Amino acid sequence: MTMTSVGDLARGLMLKTRSAEIRSDVERLSKELSSGRVSDVSAHLAGDYSHVTDIERGMSRLDAFRISGTEARLFADAMQAGLTRVADRSSGLSTVLLQADSAGMAGQHGILATEARGALEDMISSLNTRVGGRSVFAGVATDSTPLPQADILLARLKEALEGAGSARDAIEKAQDWFQDPAGFATLYGGSDTALSAMQVSERETVALDLTVMDPALRDGLMAAAVAALNDDPALSLSMEQRGVLARELGVALANTGDKVIGLQGKVGAAQDRIGQAAARNAAARSSLEIARNELIGADPYDTATRLQAAQGQLDALYSVTVRNAQLSLVNYLK
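As recorded by an unreviewed UniProt entry, the protein carries the name Flagellin and is attributed to Lutimaribacter marinistellae.

What follows is about the overall build of the protein. The number of helices and strands found in the protein is 10 helices and four strands. What you see in the protein, going N to C, is helices and strands ordered as α-α-α-α-β-β-α-α-β-β-α-α-α-α. When burial is assessed residue by residue, the protein has 39% of its 334 residues classed as buried. Within the protein, residue pairs in contact and separated by at least 24 positions form 78% of the contacts whose partners lie at least 6 positions apart. Of the roughly 18100 Å² of accessible surface on the protein, 53% is carried by carbon and sulfur atoms.

Residues Asp-169, Glu-172, Asp-176 and Asp-180 make up a contiguous surface patch of negative charge. Structurally, Asp-176 is set in helix H6 (residues 167-179). Asp-176 sits in the exposed class, given a relative accessible area of 52%.

Below, the discussion takes up the pattern of salt bridges. A complete count under the given rule lists 16 salt bridges for this structure. Linking Asp-54 and Arg-57 is a salt bridge whose minimum nitrogen-to-oxygen distance equals 2.9 Å. Residue Asp-54 and its partner Arg-57 are located together in helix H3 (residues 50-102), separated by three residues, close to a single helical turn. Arg-57 gets classed as partly exposed once you look at its relative accessible area, which sits at 47%.

In this model H6 runs 18 Å from its N-terminal to its C-terminal C-alpha over 13 residues, within 8% of the 18 Å that 1.5 Å per residue would give. Turning to H6, its buried residues number three or more, namely Ala-167, Ala-170, Ile-171, Ala-174, Trp-177 and Phe-178. Burial along H6 is one-sided: seen end-on, the buried residues are contained in an arc of 130 degrees. Of the exposed residues in H6, those oriented more than 90 degrees away from the buried face are Asp-176 and Gln-179.

Bringing the side chain of Ser-68 into the picture now. As for its position among the elements, Ser-68 is in helix H3. Within the structure, the side chain of Ser-68 is placed 2.7 Å from the backbone oxygen of Gln-199, a separation counted as a polar contact. In contact with Ser-68, not counting residues within four places along its chain, are Gln-199 and Val-200.

The next point concerns the packing of aromatic side chains. The full count for this structure, using the stated rule, is three aromatic pairs. Here the aromatic residues Trp-177, Phe-178 and Phe-184 are joined through ring pairs into a cluster of three or more.

The tally for this structure, following the rule as stated, stands at one cavity of 30 Å³ or more. Along its surface, the largest cavity is lined by Gln-175, Phe-178, Gln-179, Arg-218, Asp-219 and Met-222. At the level of secondary structure, the elements contributing two or more residues to the lining of the largest cavity comprise H6 and helix H7 (215-228). Grouping the amino acids of the lining of the largest cavity by side-chain chemistry returns two nonpolar, two polar and two charged.

With that settled, the discussion passes to the packing of helix H5 (residues 150-161) against H7. When two helices pack together, their arrangement is given by the angle between the helix axes and the distance between those axes. Closest axis-to-axis distance for the H5/H7 pair is 10 Å, and the angle between their directions is 75 degrees. Relative to H7, H5 is oriented roughly perpendicular. On the side of H5, the interface is formed by Leu-154, Leu-157 and Leu-161, while H7 contributes Ala-225, Val-226 and Ala-228. Of the residues in the contact of H5 with H7, the class split is six nonpolar, no polar and no charged.

Of note in the backbone geometry, Ser-236 takes a positive phi value of approximately 55 degrees without being a glycine. Checked against the element boundaries, Ser-236 lands in the loop between H7 and helix H8 (239-296).

Time to look at H7. Counted at 1.5 Å a residue, the expected span for H7 with its 14 residues is 20 Å, and the 20 Å between its end C-alpha atoms agrees. Burial runs high along H7: 12 of the 14 residues are buried. Buried within H7 we find Ala-216, Leu-217, Arg-218, Gly-220, Leu-221, Met-222, Ala-223, Ala-224, Ala-225, Val-226, Ala-227 and Ala-228. Its side-chain oxygen placed 3.0 Å from the backbone nitrogen of Ala-216, Asp-214 serves as the N-cap of H7.

Turning next to the nonpolar core. Counting residues in hydrophobic clusters, the biggest one holds 68 residues, and the most contacted among them are Met-79, Leu-83, Leu-120, Phe-137, Leu-157, Phe-184 and Leu-221. Where this core is concerned, the elements lending two or more residues are H3, helix H4 (109-127), H5, H6, H7 and H8. It is H3 that provides the largest number of residues to this core, a total of 11 residues. Each residue touching Met-79, except ones within four places of it in the same chain, is listed here: Val-136, Phe-137, Leu-208, Leu-210 and Val-267.

Here the focus is the confidence of the model for the protein. When pLDDT is averaged along the protein, the result is 82, and 72% of the positions lie at 70 or above. Ranking the helices and strands of the protein by mean pLDDT puts H7 first, with 95, and helix H10 (residues 329-333) last, with 51.

What counts, and where the lines are drawn
What you see as residue numbers is a count from 1 along each chain, following the sequence as written. It should be noted that, the model being predicted, local features are given only for residues of pLDDT at least 70 and side-chain atom pairs only at 80 or more, the latter also being counted only at that level, while totals for whole chains, interfaces and linings use all residues. To obtain the side-chain values, all non-hydrogen atoms of the structure were used and water was disregarded. Working definition: helices are DSSP H or I runs of at least four residues, strands are E runs of at least two. Numbering for both runs from the N terminus. Exposure is judged per residue with a 1.4 Å probe applied to protein chains only, and the accessible area is read against the type maximum: over 50% gives exposed, under 20% gives buried, and values in between give partly exposed. Working rule for contacts: check all heavy atoms of both residues, and any pair within 4.5 Å makes them a contact. Accessibility throughout is a Shrake-Rupley quantity obtained with a 1.4 Å probe, and a residue counts as covered only by protein chains that appear here. Without a salt bridge and with relative accessible area above 30%, a residue can belong to a patch; like charges are then joined within 9 Å and nonpolar side chains (Val, Leu, Ile, Met, Phe, Trp, Tyr) within 5 Å. By convention in these notes, a salt bridge is any Lys or Arg side-chain nitrogen within 4 Å of a carboxyl oxygen on Asp or Glu. The charged-residue count follows a simple rule in which Lys and Arg add positive charge and Asp and Glu add negative charge, with His and chain termini not counted at all. Each charge is placed at NZ for Lys, CZ for Arg, CG for Asp and CD for Glu. Expected span of a helix: the number of residues minus one, times 1.5 Å. As used here, the arc belongs to the directions running from the helix axis to the C-beta atoms. Whenever two N or O atoms come within 3.5 Å, that pair is a polar contact, provided that in protein one can donate a hydrogen and the other can accept it, and provided that, for residues adjacent in sequence, both atoms are side-chain atoms. Each Phe, Tyr or Trp ring, with Trp reduced to its six-membered ring, pairs with another whose centre is within 6.5 Å; inter-plane angles below 30 degrees give stacked pairs, above 60 give edge-to-face pairs, and intermediate values give tilted ones. Both site types are read off a 1 Å grid over the protein atoms alone. A 1.4 Å probe that fits but cannot get out defines a cavity, while an open set with protein on both sides within 12 Å along at least five of seven lines defines a pocket; lining residues have an atom within 4 Å of a point. Grid points are joined across faces, edges and corners, and a volume is the space filled by probe spheres set on the points. In this classification, the charged set is Asp, Glu, Lys and Arg, the nonpolar set is Ala, Val, Leu, Ile, Met, Phe, Trp, Tyr, Cys and Pro, and all remaining amino acids, among them Gly, are polar. Whenever a helix is involved, its axis is fitted only over the stretch in contact; in every case the axis is a line through C-alpha atoms, and angles between N-to-C directions fall within 0 to 180 degrees. Here the angle decides the label: under 35 degrees means roughly parallel, over 145 means roughly antiparallel, 65 to 115 means roughly perpendicular, and every other value means oblique. Among the buried residues, those of types Ala, Val, Leu, Ile, Met, Phe, Trp, Tyr and Cys that are joined through side-chain atoms within 4.5 Å form a nonpolar core. Values of pLDDT, which run from 0 to 100, indicate the predictor's confidence residue by residue.

Structural data, given as structure tokens:
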């Protein structure tokens, strides 16, 4: 009978080859178990990638909408916060002006002017709000600051109101200056073009198109600015007319507060739509993930079983390798 033997070198090479194969299986199965996806997608799908490609394309689009939706949410939140601050300062200053007049404190115009100046500075700061380096109330010119400092605004307005003589003349001159393209508009650093609507889902956009030039915001700035100049001698107002002006501006600011609340409602509706779109997008992405996992997902129980079997084979192979390494003529003769 012919006997075929395997030499030590050939046996060692065979064991190394088999060890490499099993280690490769262990690594592949470990990766599948941790990722939840098969390693060889092509073999698993028999080369048909069409369904997976469509699913991953849809997931990529939803990821893009998630990013744009997050940007829209941050923008809307910043806009809402700015409007809230403007509404609060308008209402607060209105109360101060009206209470001062009714309480016979109209003579303390210096104190009222200081209060108005503080309110104006807060309103300007709120309307210069930025988020992610972009101005919120500047239209498409998001890289600009829409309003200058209060000192600059008051200096220019003071020139327009000089010599007004009466509360009515002061208010009319202020209104004309704020509406004149050669007046307040020259200080506006933003754009007259509103920001384009933001895409938050496949078929839905959200418009956040408020700018400083919105009539409600502009009227609020005008009333606060005139109130800050109420005690300025350049207006040539008598003590009585200063009281009248304080009362008129208090009423104007109360109306402004109501108008800004309306703007807040508009932005609030946009925030709600952004939130709803984000929820729908998240649900759609979850559905696509489930569908993708059904196509290329690795069964965790089957994968774990095969991994355990491969590890057992590797352990057994190591035992055999150790025994072979200990074979020698001396050990045999013993």
